[in-house]
Every structure is written in C-alpha cells, then in structure tokens.
Amino acid sequence: MKKCNFILVLGLLTFIHISAQTTLTGTVVDAATFNKIEEVAISIEGTGFNGSSNNNGEFIISGEIPEGNLVLLFVKNGYLNLRLPLNISQGEHKDLDLISLRADLLKEQIQIGIISLSDAELNEEDANIASVSGLLQATKDVFLNAAAFDFSATFFRPRGLDSEYGRLLINGIEMNKIFNGRPQWSNWGGLNDVQRNQQFSMGTTASEVSFGALAGTTNITMRASQFQKGTRLSYALANRSYKGRIMATYNSGELINGWFYSISASRRFAEEGFIEGTPYNSNSFFISVEKKINAAHSLNFSGFYTPVTRGKSSANTQEVIDLKGRTYNSFWGVQDGEIRNSRLKEIKEPILMLNHFWKLSETTELNTNLAYQFGKTANTRIDYGGTRLIISENGQESYIGGGSNPDPSYYQKLPSYFLRFENNQNYEAAYLAAQYLKDEGQINWNQLYNANRIATENGGNSIYVISEDRTDDTQFSANTILFSKLNDHLIINSRLNYTHLQSENFASIRDLLGRNAYLDIDFFAEANAEDTEGVTAQSDLENRNRLVGEDAKYKYNFNFTADILKAFAQAQWRYSRWDLYAALEISQTSYLRNGLFRNGHFPNNSLGKSDQLNFTDFGIKGGGTYKLSGKHLIELNTAYLTNSPTLKNSFSNPRENNNTVKDLTSEILNTVDLSYRYRTPHLKFRITGYASEVKDATEISFYYADGLSGLGQAGTTAFVQEILRGIDKQYFGVELGAEYQITTTLKIKGAAALGQFTYSNNPELVLTSNNFESAVSYGQSYLKNYRIAGGPQNAAQIGFEYRDPNYWWFGTTVNYFSNAYADIAPLNRTSNFSKDVDGFTLIDYDEERAKSLLVQEQFDNYMLVNVIGGKSWLLKGGYYLGFFISINNVLDEVYKTGGFEQARNANFRNLLSDKEREQPVFGNKYWYGNGTTYYANMYVRF
C-alpha cells in the first residue's frame, strides 16, 4: 500500500512538473515575400529563455516560463527588431503561427552609403590613412556608426589606431597584408551585396575566429548558403572617387540535393573623381557554390576578382593650393584630348577559397578553410633618368642625358624658388612661373615624347618613360577553427593558422613614350676614384649597361618569403549576471629576402639570400561584462601582446641590398578599456574610457634630405632611408554615443570622441643611403609629446533621423572636428638639426628660435553638415524598389584632412632661412577634404 501511494505521489509530481512546462512555437517569415527566415534570434525579455529559428523558419521555446505579460523579441540582421507582447499562462502551449519581420531598409541603404565612403578613402591609402568604414558597418553601436558614416570622411581613426592594428577576415581567413599589416580593401571592393553578413568585435573583445587586435576584428561571411534568396540590381551616381556604379547579384537559396550558389558583378567608373585627373576603372566578380553534403557536412567554394585601376592625387604646398585650388592634382595632363594620369595604381589579385563546415555534434563545430591569392599590384610614375653610354679612349664609362622633373608643381618651377634669395629676387621669373601654373599646370605629354624623339635621333635612348613598381604576390593560407559549447555556461574557441607568402618585387617599363629602349643605370649615382668603369651606376652588375624595352624588369628585382604560424584558444563563460572571456595566442614569423640583381652600390650585399629574420610572439587578453540589470551594463577589456614587425619595416632598403634593421624586435602592445552601457527600448547610451600603448615599434621612410652633418666626403645631401627604432606611442581617450527614440518615427543621436595620441619617448634615428658606406646614427629623435598624425583626434556629432511608416526616411548630422596635426619630420628633431657640415654646432644656432621652428602644425577646427535620405516601395510580387542619397559637406567647408613636413631642410640654418621667406620653398604639404559631394543609389530587389 505504501509503495502504491509513493508511485501515485511521484506520478502526480511528474504530471505537475510536465504541466508546468510552457511551450511557444511559430514560424518566422519575411513580411513582403513570406519566405521562411532562418537563424532569427528569439528571446523572452527579462528571462533566460531564448532560441532561434531553423532552416524552415520554425522555432520552439519551452520550459518553466513565468506567467503574466511578457515580451518576445525577434532579432535578425537586415530586419527590424520585433517586440511581440504576450500573455503567458503556466503550462500553456501557444502556437504563434506566422511571425512576419519587416526588412530594415534604412540599415540596408545606410550600408550602401558607408561602403561608398570607404571607396573614396582608397585614394589616400598611400598616405598611411586607414579606412574604417568597412570595418564598422556591421555594428549597431551608436558611436561606431557615427565613426563609420560621418567621421571617416575626414580620415578619423577610432582610438587613433591605423588599420594595421585591426584584423579583417573573410570566411575565417585573415586578409591583412603581410607587407604592411593592413587590409587591402580593393581586393574585394565593389562586392557590396555579398558583404552584408559581418561580425565585428570591438577592440580586444572576444571573437570566435581570431585573437583579434587593438582596433577590433571583423569577419565577413561570403558563403552561398548564408545569402537571402533573390535578385538585386542597382545603379549609383556620385562625384567622389567614381561617377557611376552598376551592380547585379543573384542568390539561389537552397536547390535540389542541398546545392546553393551566389553570383555578383559590378562596375565602377569615372574619367575623373572629385580631385582633378583621377580616373577610376574597376570591375568586380564573385561566385560562391556550396554543397550541403548531409546534416553534418557542408563544403563551400568562393572566388572573387576585383581588378581596379585608379589615378592618384598629389599632396600640395599651400603655395600651390593658393594658385590652383584644393582639387588640383599635378600628376596628370591631356594627351590626344584625354586625361592621362602618370601615377596609376593597379591591383589585380584574384582570391580563391574552400571552406569545410563540420557539425561534430549539436554543440561542437569545426570549420576548415583554405585560401589562395595571386596576382599583381603596380604603381606607375615617370622615370626621367634616361641616358646614353659614352666610353672614352681609355675605356672609362660615363653617361649623358637625363631629363628634368616633369611635375609642374616641382619646387624649382614655383614662384617661391625665384624669390628665395633676399638680395637677388627674380620677380619676372616668379610672375611667369605663377601664370604658367595657373594657365597650364599639368604634365605636358607632347614635350616628353618630343624629348625622346630628339634624343634617339641623336643616337641616344628614351629620356622619359613610364615606370611601374610591381609586387606580384602568391599567398597560401590554411586554418581550422573549433567552436564548442561545453555546457550552458562555457564556450571554447580555438584556431590554428598557417600562411605562406612568396612576393616578387621589381620595377618594369610600362611605356617607352614613343621610343624603343632605355639604358638601365642609376643616372644619379656618384662615382668615386675606384669607380672607373661605372660600377656604382649599375642596377645589375651581371648585366652591365643593358638596354631594356617595355615590360622588362630593371632598376631592382628581389623576392620576399614569409611564413607565419599562429595558434589561438579562447574560453567564454556566460551567466545571468556575468559574461567573461580569456584568450591566448602564440605565433612564429619568419622573413627572408632573395636578391636577383647585383646592385652596383652594394655589389657584395645585394645578390642572393639575406639572413632569415625570426620572431616568436604571444598575446593574452581577458575581460567581461557585468549586468547590473537588464538596462545597466559595465564592461572591461584588457590585453597584452607582441606583434612581429611587418616586412615593410624589417629590411632597410630591400630594393638595393640585403640589410635588415639592426636589433629588430617585436612591438609590445597593451590596452585596457572600461565601458558603461545603458539601454532601454527608447534610449541607448555608451561611454568608454580607454588607454593603449605601443612600444618598440620600427618605422622606415624614404626621402631626399638636405643639410646632413658629419658625413665627410659623402656631402650634405642624399636620398636616405630613415629608420626609427624603439618608438613608443600612447593613446588615451573617451568615446560617447547616445540615441533617443522620441517617437516611433523620430530619433535624435549624438556621439563624441576625445583623444590624445602622442609619441611617449625619444626613439633612435638611423639613416642609410647608397651615398655613404654604412648606416649613420643621429641618436635620439626628440619626439616625446608630439601628436601622432592621422585625422582629427577629437570629433563630435549631433543629429536626428526621421523614419516614416511609409518607407521613406530622412536624417542630418552636424559634425565638429578638432586637434588634427601635420606629420612631423623626425630628422629635424635630432642632433643633426643643430650641427654644421663638419659635425660641430652651428655658430648661429638659437635654441629658443629652434623650438619655435619645430612646433607641430595644428590644423584649423572645422564643421561638416551631412544629409541622408531615401524612399522604398514594396511592389506586387515581393518586389522592393529603393532610392538612397547622401550629401556630404553640404556647406562646402574647406578643411585639411592631413599633411606632412618636408624633410629637405634638415638643419636649423636651412629651415630658418626657408620659414623666414614670405613663401617657403619647402613648406608643409597637405591633402584637403572634398567639397560638397553626393552619392545616389537606386535598386530593385526581388
């Protein structure tokens, strides 16, 4: 009897427990097309209950869900969030039937505008200015949206960090270039439609695919099965880097037997952009095919090829800008009635990827990726050192010929050059120079062709040619990424990665400008007493005095080899109040140079292999979020890591020799940030304080210097390689973002960044050159407390956005920028600045006057007003028709986005003399921001 009672009681308890289980089911569909939507995140606000929709859009949430009035939240990228009020009874099974989500057309169109901005920024990539637009478009953070859409047009860098301190991945493969550490956005430019699936991890916060970096981590998923089924056609008009763009994309969705495919193509074009003489010609192609083998395995292939050729623009002194305006570009001229830019950048690097997705269990997945990238990057310029060989009766070689610099803004062609001597000013020549620049001021291609014709008619060779600096990279990458949810609280991520780079680097002749040959020697080489046979002038002593034709390699020829192995592991703990993470990374990097020419300046140290450089690095990071409540969150992140130097900063002069930077070490980076977040349905707010430090960095620059001291017979002028070793930098600041939904249609928003980015020590400065036998150290360069250049360090925004229920919207922002600085010349901050030719202190050196000469230029503050808006129509049959327009700098504000000191005046006497002139000969050079620009996009989606 007792046993029966026990069984009865147990049965009743079991029944009560079962009856207490509440179940919510339904199917999520697109509001316009009624297509099923998978991977929608679904949660009950204020509780720990959550789930997601499956491949058929179906979902189920069950458990001991509290009774009463609750809100079910549906979140899916590309759709508006849906908050569905429910009244829940205990033990109830509630079928919600179809839940329809509306496409977030505003977000979609803002993404279009953001990507257009990043295209424009590509024009300044050679100025070491990072594009942030692409990195930040995936986040909903208020501040980062402001940084991406409004601040980036002025080359603002969040937390002051260049893009080499961020990580960009596509399908789990890291895309940062080994040469300089930066992503090369042109490799996937124009493929906007297939770049919408992105995951962004801010700063060093947890990432499932990479250890990350100080400037954050972005992973773009370009996988056929992840694209929403349908077709999209669009056309854009603009007056920025390109004038027009046409794009078409088709995503198949799932076909018979588990096949998916996606194709996309676009073309961008312009005879010239906002800056004069900057043609733009780009085609983009993408294909992805995926086979869902079974429930556990999927195999995806992706290939994309985005060849682009674009014209570069010149940095100009204020003298040139005053004469020609802010859109002036000295790199082009008219030939046969068409614009011809002498400095073109051409990128043709196809990328192929193979991705295997293996679902080991319901909680564990393994993703293995292979990538192969090949092709070329080329930068053209005019080489004006063409000569002919003369052999005397005693067999001594000499070279005659050579041309003058054809750049119309070259300093010897400007008015200031003719007025540089106080007691001998040639006003007539200065006037004529000013008039010529105003009236002409572009490259005269006919003169170059005529000079070549005359030279060859007199037994010589081409004087002027179009040369290109080529880099032909072949890179293989392989990695495997593990994701495992061990239990409700612990997630493990790990990644093993290997990358191999083979990089060919050489100069070649693109165009002989009407003639047949060019003599491959260094016309600027200075012979010495032992150089009776012109040894020093030879580019390759194995092929002396050779004549080269078009497409021939000349001047320099070498290979880089790089191998990188990385291992990363991360643990994430998630609780009701705490989200925590910790991660560790270890890596091994090796570099090698192999010279293929025996250079005349370095006959014993240019041909063959260099010493191999090896670096072992590690990183550790951790942090977490504490949830005071559903509205209040506190987040802390910290990291310590080392980075091997890039290839660019490892070899002092790889075009001519095998020399590596002496005592080269890895950079040391550490960072910490603390955030407070407040979020309600109406108000979102974040404030973050951060501090980052970079130590023991190395930077190499190339320029022509005047006023060098202590070189003896080597003279006082030389083309030098400047090596800054042991650079320390500090980045401190505060970020603030807030938005308030006043009504269902009107929202106000604001953002601000206050930063102080400075050099924090005095690194050593070393010069190398083919003009002197060995490296020359000028001791410390006194950079401490100077500001790091690269966009404004302070920015602020206030704006509003109106979204009408009838699918039209409008917004405007007012943006204020300050604390932008010109890049300083480190050589002028060394002991050389106070020294005479003989190495002794200048007699007329004045320390107080020197300090005033070396004050870093701060650019004027400025304000930009931007306007955006659009309209979308939902047509019959599930067709969407949309229009978007953005207008930047509505008030046509004139402002500087960047600039740098010229290092020609390397000592006090020369710089003082130049700055005391009414118009300096070697004044700072600047880039100016665009005036009023627009971007308009029209599309249809079905």
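For clarity, every value in this text was computed on a predicted model and none was experimentally measured. (Residues numbered from 1 in each chain as written. Predicted model: local features only at pLDDT ≥ 70, side-chain atom pairs only at ≥ 80, totals over all residues. Heavy atoms only, no water.)

Undergrad: Explain the nonpolar core residue by residue, including any values.
TA: One finds Leu708, Val720, Leu767 and Leu827 to be the most contacted residues of the largest nonpolar core, which totals 43 residues. Only strand S34 (632-643), strand S36 (683-705), strand S37 (718-741), strand S38 (746-759), strand S39 (764-768), helix H9 (847-853) and helix H10 (908-915) provide two or more residues apiece to this core. Those residues in contact with leucine 767 that sit more than four places away from it in its chain are Tyr703, Leu708, Val720, Gln721, Glu722, Phe772, Ala775, Val776, Tyr778 and Leu827. One finds Ala507, Ala562, Phe651 and Val661 within the second-largest nonpolar core, a separate group that totals 24 residues. (Core = buried A, V, L, I, M, F, W, Y, C linked by side-chain atoms within 4.5 Å. Buried < 20%, exposed > 50% of the residue type's maximum accessible area, 1.4 Å probe, protein only. Helix = DSSP H or I, 4+ residues; strand = E, 2+ residues; numbered from the N terminus. Contact = heavy atoms within 4.5 Å.)

Undergrad: Summarise unusual backbone geometry; cite the residues concerned and give the values.
TA: The backbone of leucine 513 sits at a positive phi, close to 50 degrees, despite the residue not being glycine. With respect to the element layout, leucine 513 can be found in the loop between strand S27 (490-511) and strand S28 (518-519). For leucine 513, a relative accessible area of 0% gives the class buried. The phi torsion at aspartate 696 lies on the positive side, around 60 degrees, for a residue other than glycine. Tracing the sequence through the fold places aspartate 696 in strand S36. Judged by its relative accessible area of 28%, aspartate 696 is partly exposed.

Undergrad: How would you sum up helix H7 (residues 427-439)? Please name residues and give values.
TA: Taking 1.5 Å as the rise per residue, H7 with 13 residues should run 18 Å; its terminal C-alpha atoms sit 18 Å apart, in good agreement. Turning to H7, its buried residues number three or more, namely Ala429, Ala430, Ala433, Ala434 and Leu437. The arc that holds every buried residue of H7, seen down its axis, measures 135 degrees, which confines them to one face. Across H7 from its buried face, at more than 90 degrees, point the exposed residues Tyr427, Glu428, Tyr431 and Asp439. In this fold, the buried residues of H7 make contact with helix H5 (318-324) and helix H6 (415-418). Taken from the residues just after H7, glycine 441 is the one with a positive phi, measuring 70 degrees. (Expected span 1.5 Å × (residues − 1). Arc of directions from axis to C-beta.)

Undergrad: Which residues make up the sheet that holds strand S45 (residues 896-900), and what values go with them?
TA: Overall, antiparallel pairing links the three strands, which are arranged S18-S46-S45 in an open sheet. Looking at which strands have only one partner, the edges of the open sheet turn out to be strand S18 (316-317) and S45. By the bridge criterion, four bridges tie S45 to strand S46 (residues 925-928) in an arrangement that is antiparallel. Within the sheet, the bridge partner assigned to phenylalanine 900 lies in S46 and is lysine 925. (Pairing = 2+ DSSP bridges.)

Undergrad: How would you summarise the packing of aromatic side chains if you had to cite specific residues and measurements?
TA: A complete count under the given rule lists 36 aromatic pairs for this structure. When the ring of phenylalanine 523 is compared with that of phenylalanine 524, the centres are 5.7 Å apart and the planes differ by 70 degrees; the resulting orientation is edge-to-face. Judged by relative accessible area, which is 57%, phenylalanine 524 ranks as exposed. Seen from their ring centres, tryptophan 578 and tyrosine 626 are 4.6 Å apart, and the 45 degrees between their planes marks the pair as tilted. In this pair, tryptophan 578 is assigned in strand S31 (residues 578-595) and tyrosine 626 in strand S33 (residues 613-627), connecting sequence segments 48 residues apart. The exposure class of tryptophan 578 is partly exposed, given its relative accessible area of 43%. A connected cluster of aromatic rings, assembled from ring pairs, spans Phe143, Phe151, Phe156, Phe817, Tyr862 and Tyr895. Over the ring of phenylalanine 357 we find arginine 223, and its NZ or CZ is 3.6 Å from the ring centre. (Phe/Tyr/Trp six-rings, centres within 6.5 Å; stacked < 30°, edge-to-face > 60°. Lys NZ or Arg CZ within 6 Å of the ring centre and 35° of its normal.)

Undergrad: I'd like a rundown of the sheet that holds strand S5 (residues 68-75), residues and numbers included.
TA: Here four strands make up an open sheet; going across it, the order is S3-S2-S5-S6 and the pairing antiparallel. At either end of the open sheet lies a strand with only one pairing partner, and these are strand S3 (50-52) and strand S6 (82-88). Each adjacent strand pair in this sheet contributes to an overall mean axis angle of 20 degrees, direction not counted. Here S5 pairs with S6 via seven bridges, running antiparallel. Residue pairing across strands places leucine 70 opposite leucine 86, the latter belonging to S6. (Axes fitted to C-alpha atoms, helices over the stretch in contact; angles between N-to-C directions.)

Undergrad: Lay out the side chain of asparagine 180 with the relevant residues and their values.
TA: By the secondary structure assignment, asparagine 180 is in the loop between strand S9 (173-174) and strand S10 (198-201). Reaching out from asparagine 180, the side chain makes a polar contact with the backbone nitrogen of arginine 182 at a distance of 3.0 Å. Setting aside its immediate chain neighbours within four residues, asparagine 180 contacts Glu164, Thr646 and Lys648. (Polar contact = N/O pair within 3.5 Å; in protein donor to acceptor, adjacent residues only side chain to side chain.)

Undergrad: I'd love a proper account of the environment of glycine 630, names of residues and values included.
TA: Along the chain, the position of glycine 630 falls in the loop between S33 and S34. In this structure glycine 630 comes out as exposed when scored by relative accessible area, which is 60%. The spatial distance from the C-alpha of glycine 630 to the C-alpha of glycine 181 is 39 Å, given a sequence separation of 449 residues.

Undergrad: So what about the environment of glutamine 780? Which residues, and what values?
TA: Tracing the backbone through its elements, the reader meets glutamine 780 in strand S40 (residues 776-780). The class for glutamine 780 is partly exposed, based on a relative accessible area of 41%. In sequence terms glutamine 780 and threonine 841 are 61 residues apart; their C-alpha atoms lie 16 Å from each other. When residues no more than four places from it in sequence are discounted, the contact partners of glutamine 780 are Asn762, Pro763, Glu764, Arg829, Thr830 and Ser831.

Undergrad: Talk me through the pattern of salt bridges; I want residue IDs and the actual numbers.
TA: Counted according to the given criterion, the structure contains 49 salt bridges. A salt bridge links glutamate 764 to arginine 725; the nearest nitrogen and oxygen atoms lie 2.4 Å apart. Of this pair, glutamate 764 sits in strand S39 while arginine 725 sits in strand S37; the two residues are 39 residues apart in sequence, bridging distant segments of the chain. By relative accessible area, which is 25% here, glutamate 764 ends up partly exposed. Among the residues examined, arginine 725 registers a relative accessible area of 19% and is labelled buried. Linked by salt bridges that have partners in common, Asp141, Arg159, Glu635, Asp673, Arg677, Arg686 and Glu735 make up one network. (Salt bridge = Lys/Arg side-chain N within 4 Å of Asp/Glu carboxyl O.)

Undergrad: Go over the environment of threonine 368 with me, naming the residues and quoting the values.
TA: Take threonine 368: it is sitting in strand S23 (residues 364-383). Classification of threonine 368 by relative accessible area gives partly exposed; the value is 30%. C-alpha of threonine 368 to C-alpha of leucine 683: the two residues are 315 residues apart in sequence and 41 Å apart in space. Contact partners of threonine 368, with chain neighbours within four places excluded, come to Leu354, Asn355, His356, Asn479 and Thr480.

Undergrad: Can you lay out the confidence of the model for the chain for me, pointing to particular residues and giving the numbers?
TA: Within the chain, residue pLDDT values average 90, and 93% of them lie at 70 or more. Within the chain, the lowest mean pLDDT, 41, falls on helix H3 (residues 133-136), and the highest, 98, falls on strand S16 (residues 297-305). Confidence drops under a pLDDT of 50 for residues 113-138, and excluding neighbours within four residues, the segment shows 80 contacts in the predicted structure. (pLDDT = per-residue confidence, 0-100.)

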